[in-house]
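Structural characterization, general
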Amino acid sequence: MKKIFLATAIAFAALSLQSCLHDDEELFPDSAANRLEAAVKADRELLESAENGWEMHYYTGEQYTGGGYTMFMKFKNGKAFVSSDIAPADMVETSSYDIVKDKGPVLTFNTYNMVMHYLAQPFQDDVDGEQGDYEFVITKTTQDSIYVKGKKWGNKFVMTRIPASTSWKETITKMQTVLHSMRFFYLTNGVQDVSTALTFDPTLRRAYLGSDDTSGVPFYLTSEGIELHTPITINGKQVQSLKFEASDKSLSCADAGYTFTPYTPAGFTPLENFVGNWTLGFQTMSNGSLRNSSVTMPIQQTQDLIQQTSFTTAVAYVTYGQLLLRFRFSYSPIAGTLTLPTQYVLAADDGSGQYAKLSDYVPGCAALMMLGVNSSGLLNGTDSHIYYPTMTTVYDSATKKYSLVDANGQADGFAFICVDSSGSPMYQLSDGSYTTDTDKVEADEDAGLASFMFWFNVHDFTPATE
């Protein structure tokens, strides 16, 4: 009886399998390979059918932990033409593209495109970079929309067909005007309540509610304002689309009925307040004693992304003897603080031929390693420590002057040590020669670091006009 039951079950399973196979033939009359080939062909035709291209709101960072940007892309005859708000409005970068077969159709920019690859490129000290993608799995299409997912980082985007009447350049210009015109701190309906205030980081492209300055929500720019990736809830109402009003720098959300008015937090200093000529006062050693000295330090904004004015970095040039030294400052657009981090200082060349090279003074010297020192300890022979401080500009409301201060209270000045092209410290031997060979240094009792100069008690950081 068991044998009869088993045989019947096997026969039933075989009939069921035949039925399933027959259904699959009815549902998919062609092979999977042929279906994928057809999808690739259809997607390529759809991409190239948009005469004015496609607009994609692009997010960096795994799980949308980065910022939001906008890409304008046109595809024709295997070529991709890309513009973005991360670059000059009139920049259109050209590269090849393809639709390749993977588990599904994948749009890939397979030759270098400065605009498309910029946010995906790795760096020596950060192999993931901004965690952007340049290959996109196509998950769904309509005649006017293409739904994609970043192949590496998994963020989802939608490419929408751009109307023929839309100018890429004019639209990007409007986006960038919003970013550079708006303020970064806003009160909801003018109410002085920090818990409902909005903060926008123009560099990270993230918005924060209240005292939260760590997680936030990414946003992208539109020609009229800002669009948040996900809504922020304020007093039970959701805020996502914000329109910018240039006349008073305000933002408004029609859906929530809110108007956001700009304000400046107490103690906040805009970056533009630091741009200009400054006098940096300090002390130097002369004939065994300290003497007061000063240099003029012009501070200028720099560029980041692709030729865009930076919100976070500035450079200063100092003439020291026959050298033109370049310093890098960091700025926080959220805290409003300007800092001078430990860094390699380069000798700049303005092309006039009037400035010397570091190697003119110390053969093989490629840069100066800026290190923190404590002048009191060094002068008294009680402190030989070297520090790696980040000096912060601190404003004294009583004297109405700034000073450079180490938040850890360790360093009050800088030592500048020569390094070679690999960054290795250079030493001067007793015969006057220079080396990075530590074995030679250990064998020479009189060898010492090739100290180029010292700045002690760095203070009186004031506008040069005062």
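Everything below is about the structure shown above.
So, here's what we can say about the structure. This structure is a prediction, so every number in the text was calculated from the model and none was measured. (Residues numbered from 1 in each chain as written. Predicted model: local features only at pLDDT ≥ 70, side-chain atom pairs only at ≥ 80, totals over all residues. Heavy atoms only, no water.)

Thoughts on the side chain of asparagine 113
The following threshold applies: Secondary structure counts use DSSP, requiring at least four H or I residues in a row for a helix and at least two E residues in a row for a strand, with both numbered from the N terminus. Between N or O atoms, a polar contact is any pair within 3.5 Å; within protein, one atom must be a potential hydrogen donor and the other a potential acceptor, and residues adjacent in sequence are included only when both atoms are from side chains. Throughout, a residue-residue contact means that at least one pair of heavy atoms, one from each residue, lies within 4.5 Å.
Counting through the fold element by element, asparagine 113 comes out in the loop between β6 (105–108) and α3 (114–118). At 3.1 Å, the side chain of asparagine 113 forms a polar contact with the backbone nitrogen of methionine 116. Here asparagine 113 is in contact with Ala80, Val82, Glu93, Thr94, Ser95 and Tyr118, once residues within four sequence places are set aside.

A look at helix α2 (residues 32–49)
The α-helix winds at 3.6 residues per turn, so residues separated by three or four positions along the chain end up facing the same way. Selection criterion: For a helix, the expected span equals 1.5 Å multiplied by the residue count minus one. Only protein chains enter the accessibility calculation, which uses a 1.4 Å probe. A residue is then buried if its area is under 20% of the maximum for its type, exposed if over 50%, and partly exposed in between.
Compared with the 26 Å implied by 1.5 Å per residue over 18 residues, the 25 Å span of α2 between its first and last C-alpha is a close match. Those residues of α2 not exposed but buried are Leu36, Val40, Asp43, Leu46, Leu47 and Glu48.

Observations concerning the sheet that holds strand β9 (residues 156–161)
This is how the line gets drawn: Whether two strands pair depends on DSSP finding at least two bridges between them. Note on geometry: axes are C-alpha line fits, over the in-contact stretch for helices, and angles between N-to-C directions span 0 to 180 degrees.
Taking strand neighbours across the sheet as the criterion, the nine strands line up as β4-β3-β2-β1-β9-β8-β7-β6-β5 in an open arrangement whose pairing is antiparallel. The sheet is open, and its two edges are formed by β4 (93–96) and β5 (98–101), each paired on a single side. Shown here is a sheet whose adjacent strand axes are inclined to one another by a mean of 35°, direction ignored. Here strand β7 (residues 135–141) runs beside strand β8 (residues 145–150); their pairing, made up of five bridges, is antiparallel.

A look at unusual backbone geometry
Comment: phi is negative for the bulk of residues other than glycine, and the bulk of peptide bonds are trans. Of note in this structure, asparagine 189 is not a glycine but carries a positive phi near 55°. Here asparagine 189 lies in the loop between β10 (185–188) and β11 (198–201). Judged by relative accessible area, which is 43%, asparagine 189 ranks as partly exposed. Phi at arginine 205 takes a positive value of approximately 55°, unusual for a residue other than glycine.

Considerations on the state of the cysteines
Basically, it comes down to this: Two cysteine sulfurs form a disulfide in these notes if their separation is within 2.5 Å.
Following the criterion strictly, the structure yields zero disulfides and no others. Residue cysteine 365 stays outside any disulfide, its sulfur separated by 3.1 Å from that of cysteine 418, the closest cysteine. With relative accessibility at 6%, the residue cysteine 365 sits in the buried group. The class of cysteine 418 is buried, set by a relative accessible area of 0%.

Considerations on the packing of aromatic side chains
Which entries qualify depends on this criterion: Stacked, tilted and edge-to-face are the three classes assigned to paired rings of Phe, Tyr and Trp, where Trp is represented by its six-membered ring and a pair needs centres within 6.5 Å; plane angles under 30 degrees give stacked, over 60 edge-to-face, the rest tilted. Only lysine NZ and arginine CZ atoms are considered, and such an atom sits over a ring when it is within 6 Å of the ring centre and within 35 degrees of the ring normal.
On inspection of all chains with the given rule, the structure shows 29 aromatic pairs. Pairing phenylalanine 200 with phenylalanine 219 gives two aromatic rings, centres 5.8 Å apart and planes at 85°, and the pair type is edge-to-face. Taken as a pair, phenylalanine 200 in strand β11 and phenylalanine 219 in strand β13 (residues 217–221) lie far apart in primary sequence, 19 residues in all. Exposure remark for phenylalanine 219: the relative accessible area of 1% places this residue in the buried category. Three or more aromatic residues link up through ring pairs in this structure, and these residues are Phe274, Trp278, Phe329, Tyr331, Tyr395, Tyr402 and Phe461. For the cation-ring pair, lysine 140 lies above tyrosine 147, with the distance from its terminal atom to the ring centre recorded as 5.0 Å.

Some words on the nonpolar core
The cut-off we apply is this: In this text, buried Ala, Val, Leu, Ile, Met, Phe, Trp, Tyr and Cys residues form a nonpolar core when linked through side-chain atoms within 4.5 Å.
By size, the foremost hydrophobic cluster in this structure holds 69 residues, and its most contacted members are Phe200, Phe260, Phe327 and Trp455. For phenylalanine 200, the contacting residues outside a window of four places in its chain are Met182, Phe184, Tyr186, Arg206, Ala207, Phe219, Ile226, Leu242, Leu251 and Ile334. Within the second largest apolar cluster, 34 residues are counted, among which are Leu46, Ile99, Met116 and Met159.

Quick notes on the pairing of strand β16 (residues 250–253)
Pairing analysis gives three bridges linking strand β15 (residues 237–245) to β16, with the strands arranged antiparallel. Note on β16: the bridge partner recorded for glutamate 245 is serine 250. Adjacent in sequence and paired antiparallel, β15 and β16 are bridged by four residues, among which lysine 249 carries a positive phi angle near 65°. Of the strand pairs in this sheet, β16 and strand β17 (residues 258–262) are connected by three bridges, and their pairing is antiparallel. What sits directly across from serine 252, in β17, is threonine 259. The turn joining β16 and β17, which pair antiparallel and follow one another in sequence, is formed by four residues; a positive phi near 75° is taken by glycine 257.

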